[in-house]
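Geometric and topological summary
For reference, the chains in residue letters:
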Amino acid sequence: MSPYAHIIGWGMAVPEQVLTNDDLAKRMETSDEWIQSRTGIRERRIAESDQTTASLAYGAACEALEMARLKPTELDLIIVSTSSPEFIFPATACLVQDRLGARKAGAFDLLAACTGFIFALNMGTQAIRSGSIKNALIIGAETLSRLVDWSDRSTSILFGDGAGAFVLQASEERGGVISSVMRSDGSGGDLLCLPGGGSHAPASLETVAAGKHYIQMNGREVFRFATRVMTQATQEAIGAADLKMDDIQLVIPHQANLRIIEAALRGLSIPMDRCMVNIDRYGNTSTASIPIATYEAVKQGRLKAGDKVVFVGFGAGLTWGAAVAIWSGLEPGARKPLPVGLRFYARLRSFIRRIMRRIDALIWGRHNPYT
Ligand code: UT7
């Protein structure tokens, strides 16, 4: 029998710096009243100059591993879902892998925009269900504040920075992620995009002058698409898990806009008290929003062992998807901080490997096997 992928640890990391709607109203023509009534957002977190997608991802990962009482060296796979990676390559996941000292783990980035965490969760689950790995770390992390045009009031009010992570572990016991739905429609790619800096429009003075390195969005169209697919994906995932809507204790949707969430829940005939919402405090953190909302739901006692939960999201691509999980909860026993020694070991290991590579290059530089 295929093992199940249980969620045995979860963590989050957000910057301390808070940007309120009133702060934005001082910079552009908008108001707290407009933003709250159209989106449900009151404030968002913005990364400090020394914080990046990888550093937030690392923070969330450490907390998730501590909760799971798992050493980074026990990880087989790390997936970082992000649309704001440190670089186009190397993958942000590899930077996190190195910083954790997760020497056995394969690591890669996944780009499915705000739906990315659901896609990554499904990929991690399938790797476990196939029997090829035991432990996976799934991270959603963003610093979209670096990709936003701060003079564009239709996008800059929406986004915030943050990261969330799950640790998945194989178990013979039924539970964890029991169904997933992944969908895409590239014909709507232009509705939400960042057109510059890729192979289509490589970075140049012209692309920068034209603002092509900023997020561009057709808000109304995305809104319409979102309300439709959130309902549809939730229904499909619940059906695939052989469950009914009434079996679900909590819906954790992508936090893009409170009005989208309310419309989707209306379509599902699920009351809002069975839905987790924290968009008021973090804005839209894209792929990080579902794990951050999950973390807070558990902390508030809204998600308990044995509960059935649906994660549902949509985003650029266009992409959308949902997953149903039986919440595993924590094993009895205290959370175990990652030993300081382990963090030191990871840094030392990384340093030694860099030195060894240099020595290698010095030796082999004189004897190039290709000449
Ligand atoms: O993770 C996926 C990310 N994207 C989304 O989820 C976006 C989905 N879309 C939305 O959330 C909404 O479409 C927005 C919040 C972006 C916009 O809300 P809306 O109710 O669709 O407003 P709108 O674009 O129809 O604009 C209405 C008016 C316009 O003025 P006029 O043309 O009617 O005079 C805008 O210029 O509101 C104006 N407006 C603003 N006013 C004050 C647009 N942004 C602002 C603003 N403050 N920040």
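Residues numbered from 1 in each chain as written. Predicted model: local features only at pLDDT ≥ 70, side-chain atom pairs only at ≥ 80, totals over all residues.

Let's shift gears to the packing of helix α7 (residues 219–240) against helix α8 (residues 258–268). As a packed pair, α7 and α8 sit with axes 9 Å apart at the nearest point and diverge in direction by 40 degrees. Of the possible angle classes, the one that applies to α7 and α8 is oblique. Like other packed secondary-structure pairs, α7 and α8 cross with a definite hand, here right-handed. On the side of α7, the interface is formed by F223, A226, T227, M230, T231 and T234, while α8 contributes I260, A263, A264, G267 and L268. Residue classes in the contact of α7 with α8 are distributed as 7 nonpolar, 4 polar and no charged. (Axes fitted to C-alpha atoms, helices over the stretch in contact; angles between N-to-C directions. Helix = DSSP H or I, 4+ residues; strand = E, 2+ residues; numbered from the N terminus. Parallel < 35°, antiparallel > 145°, perpendicular 65-115°, else oblique. Left-handed = near helix turned anticlockwise from the far one by under 90°. Contact = placed C-beta atoms within 7 Å. Nonpolar A, V, L, I, M, F, W, Y, C, P; charged D, E, K, R; others polar.)

Here we take up α8. Every buried residue of α8 is listed here: I260, I261, A264, L265 and L268. Take α8 and look down its axis: the buried residues cluster within an arc of 130 degrees, on one side only. Remark: S269 follows α8 within two positions and exhibits a positive phi of approximately 55 degrees. (Buried ≥ 20, exposed ≤ 12 C-beta atoms within 10 Å, placed from the backbone. Arc of directions from axis to C-beta.)

The subject of this paragraph is the site of the ligand. Lining the immediate environment of the ligand, one finds 20 residues, of which T30, C114, R153, G219 and A256 sit closest. Contributions of two or more residues to the shell around the ligand are made by α2 (32–39) and α7. Sorting elements by how many residues they give to the shell around the ligand places α7 first, with 5 residues. Grouping the constituent residues of the shell around the ligand by class yields 9 nonpolar, 8 polar and 3 charged. (Near = placed C-beta within 6 Å.)

Turning next to the nonpolar core. Core analysis: the biggest nonpolar cluster contains 110 residues, and A57, A60, A61, A64, I78, V96 and I139 have the highest contact counts within it. For this core, the leading source of residues is helix α3 (residues 53–68), giving 11 residues. Apart from the residues within four sequence positions on either side, A61 is in contact with G11, V96, L100, L137, I139 and A165. (Core = buried A, V, L, I, M, F, W, Y, C linked by C-beta atoms within 7 Å.)

Right, let's talk about the sheet that holds strand β13 (residues 319–326) for a bit. The 4 strands lie next to each other as β8-β13-β12-β11, forming an open sheet whose pairing is mixed. Each edge of the sheet is formed by a strand with only one pairing partner; in this case those strands are β8 (176–184) and β11 (250–253). Taken over all neighbouring pairs, the strand axes of this sheet differ in orientation by 15 degrees on average, direction set aside. Contacts between helix α10 (residues 289–299) and the sheet are confined to β11 and β12 (308–315), with β11 contributing the most and set at about 145 degrees to the helix. (Pairing = 2+ DSSP bridges.)

Right, let's talk about the domain arrangement of the protein chain for a bit. For the protein chain, the assigned domains are domain 1 (4–326) and domain 2 (340–371). Computed from C-alpha atoms alone, the centre-to-centre distance between domain 1 and domain 2 is 35 Å. Contact with domain 1, which involves 6 residues of that partner, is made by 5 residues of domain 2. Taken together, the residues of the side of domain 1 that touches domain 2 break down into 2 nonpolar, 1 polar and 3 charged. (Domains from an automatic or database assignment.)

Packed helix pairs are characterised by how far apart their axes lie and by the angle those axes make with each other. Running from amino to carboxyl end, α3 crosses helix α4 (residues 92–100) at an angle of 50 degrees, the nearest separation of the two axes being 9 Å. Classed by the angle they form, the pair α3 and α4 counts as oblique. Here α3 and α4 pass one another in a crossing that is right-handed. Contacts between α3 and α4 involve T53, A54, A57, Y58 and A61 on the former and, on the latter, T92, L95, V96, R99 and L100.

Once that is clear, we can look at the environment of G313. Here G313 shows up in strand β12. Residues G313 and Q255 lie 58 residues apart in sequence; the distance between their C-alpha atoms is 8.3 Å.

This part covers helix α11 (residues 340–365). The terminal C-alpha atoms of α11, which comprises 26 residues, lie 37 Å apart, in line with the 38 Å expected from a rise of 1.5 Å per residue. Among the 26 residues of α11, 1 are classified as buried, and the element is accordingly described as predominantly exposed. (Expected span 1.5 Å × (residues − 1).)

Now for the sheet that holds strand β4 (residues 77–81). An order of β1-β7-β6-β4-β5 is seen for the 5 strands of this open sheet, with the pairing classed as mixed. Edge positions in the sheet fall to β1 (4–13) and β5 (106–110), since each has one partner strand and no second. Neighbouring strand axes in the sheet, compared pairwise and without regard to direction, differ in orientation by 20 degrees on average. With 8 bridges connecting them, strand β6 (residues 135–142) and strand β7 (residues 162–171) associate as antiparallel partners. Bridge pairing in β7 links G140 to G164. Together, β1, β4, β6 and β7 form the strand contacts of α3, whose direction differs from that of β1 by roughly 125 degrees.

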